[in-house]
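Coordinate analysis (summary)
In case you want the letters, here they are:
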Amino acid sequence: MKIPFSPPDITEREIQAVVEVLRSGWITTGPKTALFEEKIASYCQTEKAICLNSATAGLELVLRLFEIGEGDEVITTPYTFAATANVILHCGAKPIFADINQNDFNISLSEIEKKINPKTKAIIPVDFAGLPCDYDGILTLVKEKQSLFVPKKNTLQENLGRILVLADAAHSFGSLYKKRKSGSLADFTVFSFHAVKNLTTAEGGAITFSSFGDVSADSLYKKLKLLSLHGQSKTAIEKIKPGNWHYTIDLAGYKYNMTDIAAAIGLVQLERFDPEITPKRKKVADFYSQNISEKDFILPILNDQTRQTNYHLYPLRVRIAEKRDSLIQKLAEAEIAANVHFIPLPMHPLYKNLGYRIEDYPNTLFCFEREISLPIHSFLEEEKLAYIVEKLQT
Ligand SMILES: *Cc1c(COP(=O)(O)O)cnc(C)c1O
């Protein structure tokens, strides 16, 4: 029985939506993207959303918007995908890693506190596997540390008046924290719609945000639109109106826009998300939690008093670290594709060469050495789940 790790859940509806866009005469950023942005903002209970071609682009754009760069520090977790920290390097700032909690893989509040200093401009928490970080704790902490914050000459930094909290919610679309949706928990939140994520547009991402201080969400949206498409004063669709050819380039923006082909997939995925996609993933996770023995394994937290996952990953851990690799091999021989999330950033050559040492992050190392992400997606019927659990435990 061949079991893939995470194939996308694409139905005839997504295929038809793409065909419609292809036949419509408008395939790049346009009405579908605008509609998808409105639906995301409304789903996430935020004032605004902007769609982009990836989460990586979204994380970078928010750092650029706040002019975070040379001489600045950004605190994040070492237990994440490279995108989270690479964008800090792209902007010329320094990633500062804060170790994780051993129980939920998320960045530790007390470790963040130790790393805050006058150079700190932002914190990028990552909602590992879909379980939200302690955002109220993080927001309380940055408010307590307000007197340490030294804003650059940037209206947004001055208006916020404290360290920016930028959520990497690549894993957590649809997750809840204190009954509030992921997307509404931090100052800015970035989602990924990459092919392996719960809601996909093949490649894609979005930023959600609301007004703060004297800064309106509309003005933030306009600035992000400029930054995401070459600083062009008019959108492509405005420019093609007869006689409307003139435009200006207002700043050296990037090329990070979403196409209407991608947005069309996303609109269908969003409609199917709560009624179809999440319940299927929940069934898989619940089956694992009910059938895997806690004698040999540490089961992941799927929910607790304040949080509810969207079941993005099922990050199981073996109790005996030495058994992890051979277990993955055994699953592979049974044609079951398991995965490991993540190889901690300080273990990659890029970050090693920058001077980071895994020994400085003991909880990250503890989790990494034991972690096995089991297959989780829409096409795992009970028979397959029983097969996976049997191979895992014999
Ligand atoms: C997938 C992922 C990203 C990057 O998303 P893209 O849309 O591919 O740029 C960032 N952070 C985390 C934690 C991810 O898993």
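When you go through the protein chain residue by residue, the secondary structure sums to 14 helices and 13 strands. For the protein chain, the C-alpha radius of gyration of 21 Å lies close to 21 Å, the compact-globule estimate for 394 residues. In terms of its C-alpha atoms, the protein chain occupies a principal-axis envelope of roughly 70 × 55 × 40 Å. Considering the protein chain as a whole, with its 394 residues, one finds that 55% of them fall into the buried category. Restricting to contacts in the protein chain with at least 6 residues of sequence separation, those with at least 24 account for 72%. When the accessible surface of the protein chain is summed, it comes to about 16,900 Å², and 54% of that surface belongs to carbon and sulfur atoms. When the 46 positive and 48 negative side-chain charges of the protein chain are each reduced to one mean point, those points stand 2 Å apart.

Once that is clear, we can look at the sheet that holds strand β1 (residues 48-52). With respect to topology, 7 strands assemble into an open sheet ordered β1-β9-β8-β5-β4-β2-β3, the strand pairing being mixed. Of all the strands in the sheet, the pair left with one neighbour each is β1 and β3 (94-97). Adjacent strand axes in the sheet meet at a mean angle of 25°, parallel and antiparallel pairs treated alike. In terms of strand pairing, strand β4 (residues 120-124) meets strand β5 (residues 164-168) through 2 bridges, oriented parallel. Looking at β5, one finds that Ala122 is bridged to Leu164. Lying on the sheet, helix α6 (residues 135-144) is in contact with β4 and β5; it crosses β5 at an angle near 155°.

With that settled, the discussion passes to the site of the ligand. Contacts to the ligand come from 16 residues, most closely from Thr56, Asp168, His171, Ser192 and Lys197. One of the backbone nitrogen or oxygen atoms of Ala55 is found 2.9 Å away from an oxygen atom of the ligand. Separating an oxygen atom of the ligand from a side-chain N or O atom of His171 is a distance of 2.7 Å. When the ligand sits alone it has 380 Å² of accessible area, and the protein chains cover 92% of it. Looking at the shell around the ligand, the elements with two or more residues in it are α3 (55-65) and α4 (82-90). Residue classes in the shell around the ligand are distributed as 6 nonpolar, 8 polar and 2 charged.

In strand β2 (residues 73-76), alternate side chains face the same way, and those of Glu73 and Ile75 on one face and Val74 and Thr76 on the other are all buried. Crossover connection from β2 via α4 to parallel β3: handedness right-handed. Taken together, the 4 bridges between β2 and β4 define a ladder with parallel strand orientation. Residue Glu73 lies in a different strand from β4, and its bridge partner there is Thr120.

Moving on, we come to unusual backbone geometry. Note: most peptide bonds trans; most residues except glycine with negative phi. For the bond from His341 to Phe342, the omega torsion is -15°, close enough to zero to count as cis. You can see Phe342 is positioned in the loop between α11 (324-333) and α12 (349-353). The phi dihedral of Phe105 falls on the positive side, at around 70°, and the residue is not glycine. Tracing the sequence through the fold places Phe105 in the loop between β3 and α5 (109-115). Of the residues examined, Phe105 reaches a relative accessible area of 3% and is grouped as buried. The phi angle at Glu335 is positive, at roughly 65°, despite the residue not being glycine. Along the polypeptide, Glu335 turns up in the loop between α11 and α12.

Rules and cut-offs
Residues numbered from 1 in each chain as written. Predicted model: local features only at pLDDT ≥ 70, side-chain atom pairs only at ≥ 80, totals over all residues. Heavy atoms only, no water. Helix = DSSP H or I, 4+ residues; strand = E, 2+ residues; numbered from the N terminus. Rg over C-alpha atoms; globule rule 2.2 N^0.38 Å. Buried < 20%, exposed > 50% of the residue type's maximum accessible area, 1.4 Å probe, protein only. Contact = heavy atoms within 4.5 Å. Areas by Shrake-Rupley, 256 points an atom, 1.4 Å probe, with all protein chains shown as cover. Lys, Arg positive; Asp, Glu negative; His and termini not counted. Charge placed at Lys NZ, Arg CZ, Asp CG, Glu CD. Pairing = 2+ DSSP bridges. Axes fitted to C-alpha atoms, helices over the stretch in contact; angles between N-to-C directions. Near = heavy atom within 4 Å. Polar contact = N/O pair within 3.5 Å; in protein donor to acceptor, adjacent residues only side chain to side chain. Nonpolar A, V, L, I, M, F, W, Y, C, P; charged D, E, K, R; others polar. Right-handed = clockwise from strand over helix to strand, strands pointing away.

The values reported here are purely geometric and, on their own, carry no functional implication.
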